[in-house]
Amino acid sequence: FLLISEINNNGRIIWFDIIFILMSAKANVQTCDASHDDLVKLFDSVDSNGNGLIDENELANLLVSIKLPPNYSGLCILLVAGDKKEINIDQFNKFIDLLTMYKMDRKRFYDLVFDVFDADESGTIDLDELLLFLEYLGIEITPGKVVSILSKNGIDVAAGLSQDQFTGFLIGLEYGLTHPN
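Thresholds, definitions, all that
- Residues numbered from 1 in each chain as written.
- Predicted model: local features only at pLDDT ≥ 70, side-chain atom pairs only at ≥ 80, totals over all residues.
- Heavy atoms only, no water.
- Helix = DSSP H or I, 4+ residues; strand = E, 2+ residues; numbered from the N terminus.
- Buried < 20%, exposed > 50% of the residue type's maximum accessible area, 1.4 Å probe, protein only.
- Contact = heavy atoms within 4.5 Å.
- Areas by Shrake-Rupley, 256 points an atom, 1.4 Å probe, with all protein chains shown as cover.
- Expected span 1.5 Å × (residues − 1).
- Arc of directions from axis to C-beta.
- 1 Å grid on protein atoms, 1.4 Å probe; cavity = no way out; pocket = protein on both sides within 12 Å on 5 of 7 lines; lining within 4 Å.
- Points joined across faces, edges and corners; volume = space filled by probe spheres on them.
- Nonpolar A, V, L, I, M, F, W, Y, C, P; charged D, E, K, R; others polar.
- Axes fitted to C-alpha atoms, helices over the stretch in contact; angles between N-to-C directions.
- Parallel < 35°, antiparallel > 145°, perpendicular 65-115°, else oblique.
- Phe/Tyr/Trp six-rings, centres within 6.5 Å; stacked < 30°, edge-to-face > 60°.
- Lys NZ or Arg CZ within 6 Å of the ring centre and 35° of its normal.
- Core = buried A, V, L, I, M, F, W, Y, C linked by side-chain atoms within 4.5 Å.
- Salt bridge = Lys/Arg side-chain N within 4 Å of Asp/Glu carboxyl O.

(A) Examining the overall build of the chain more closely. Helix and strand counts for the chain stand at nine helices and two strands. Element order for the chain, N to C, with α for helix and β for strand: α-α-β-α-α-β-α-α-α-α-α. Expressed as a percentage of its 181 residues, the buried residues of the chain come to 38%. A sequence separation of at least 24 residues applies to 55% of the contacts in the chain between residues at least 6 apart. Accessible surface, the chain: about 10,000 Å² in total, of which carbon and sulfur atoms supply 51%.

This is the structure in structure tokens:
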């Protein structure tokens, strides 16, 4: 796995190439040239403190390096490790699967996020569930501000966000996180 040692002009590992190879291998197993050893090498290089676990900050650094919102680190940990605060090597493999889903089938990723945060299984995301989702993204916002933003976009928060509305919300949020100005 030669790309693990490739360094850009700033002395940083070229993460995008490494993750792209792992994701490609997972998407098409017949052409898989990424091994478990490659995954371990990547995990170890992301685990900057060497404790055998990747925390939210370490994962955020990785996400930034592959041009994804660092805010997604907490969400990714929730999706692959439940209520844990860090992920181990096995969960890191699930994280790579999650990235593959995000890149290859974004709608499926959005549906997964919807299902996780629709805690009461009502088929809608209510205000409390939406606030919890935003908290996992590290976004501090008052309930009143959320209601105001959604109301301006024609969404009745009292009725909850449908899966399509939540997906639209996520798309807008992602744009805002990756294009802050």
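(B) Just helix 6 (residues 106-117), in detail. Over its 12 residues, helix 6 runs 17 Å from end to end, which matches the ideal 16 Å to within 8%, given 1.5 Å per residue. Of all the positions in helix 6, only Phe109, Tyr110, Val113, Phe114 and Phe117 are classed as buried. Buried residues of helix 6, viewed axially, fall in a sector of 140°; they line one side. The inward-facing, buried residues of helix 6 abut helix 4 (72-81), helix 5 (89-104), helix 7 (127-136) and helix 9 (163-178).

(C) The layout of surface pockets, seen in detail. Approximately 210 Å³ is the volume attributed to the largest pocket. Looking at the lining of the largest pocket, the elements that each hand over two or more residues are helix 4 and helix 7. Of all the elements, helix 4 adds the most residues to the lining of the largest pocket, at three residues. Counted by class, the lining of the largest pocket contains three nonpolar, two polar and five charged residues. Reported here for the second largest pocket is a volume of approximately 170 Å³. Listing elements by their share of the lining of the second largest pocket, those giving two or more residues are helix 8 (143-152) and helix 9. Here the lining of the second largest pocket takes five residues from helix 9, the largest share from any one element. When grouped by side-chain class, the residues that make up the lining of the second largest pocket number nine nonpolar, four polar and no charged.

(D) Molecular detail of the packing of helix 4 against helix 6. Look at helix 4 against helix 6: their axes get within 11 Å of each other, and the N-to-C directions meet at 75°. As judged from the angle between their axes, helix 4 and helix 6 are roughly perpendicular. Contacts from Tyr72, Leu75, Leu78 and Leu79 in helix 4 reach Phe109, Leu112, Val113, Val116 and Phe117 in helix 6. Broken down by class, the residue content of the contact of helix 4 with helix 6 amounts to nine nonpolar, no polar and no charged.

(E) Focus on the packing of aromatic side chains. Applying the stated rule across the entire model yields 11 aromatic pairs. The ring of tyrosine 102 has arginine 106 sitting right over it, with the charged end atom 3.9 Å from the ring centre.

(F) Broad picture of the nonpolar core. By size, the foremost hydrophobic cluster in this structure holds 45 residues, and its most contacted members are Tyr72, Phe92, Phe95, Phe109, Leu130, Phe133 and Phe166. At the level of secondary structure, the elements contributing two or more residues to this core comprise helix 2 (36-46), helix 3 (56-65), helix 4, helix 5, helix 6, helix 7, helix 8 and helix 9. Filtering out sequence-adjacent residues up to four positions away, phenylalanine 95 remains in contact with Leu59, Leu62, Leu63, Cys76, Val80 and Ile87.

(G) Structural context of the pattern of salt bridges. Inspection of every chain in the model, using the stated rule, returns two salt bridges. Of the charged contacts in the structure, one is a salt bridge between glutamate 174 and arginine 106, with a shortest N-O distance of 3.5 Å. Placement of glutamate 174 in helix 9 and of arginine 106 in helix 6 is noted, with a sequence separation of 68 residues between them. You can call glutamate 174 buried: its relative accessible area is 8%. Given the relative accessible area of 31%, arginine 106 is considered partly exposed. Put simply, aspartate 111 and lysine 107 hold a salt bridge, and the shortest N to O gap is 2.8 Å. Highlighted residues: aspartate 111 and lysine 107, both in helix 6, separated by four residues, approximately one helical turn.

In short, shape yes, function no, at least from these values alone.
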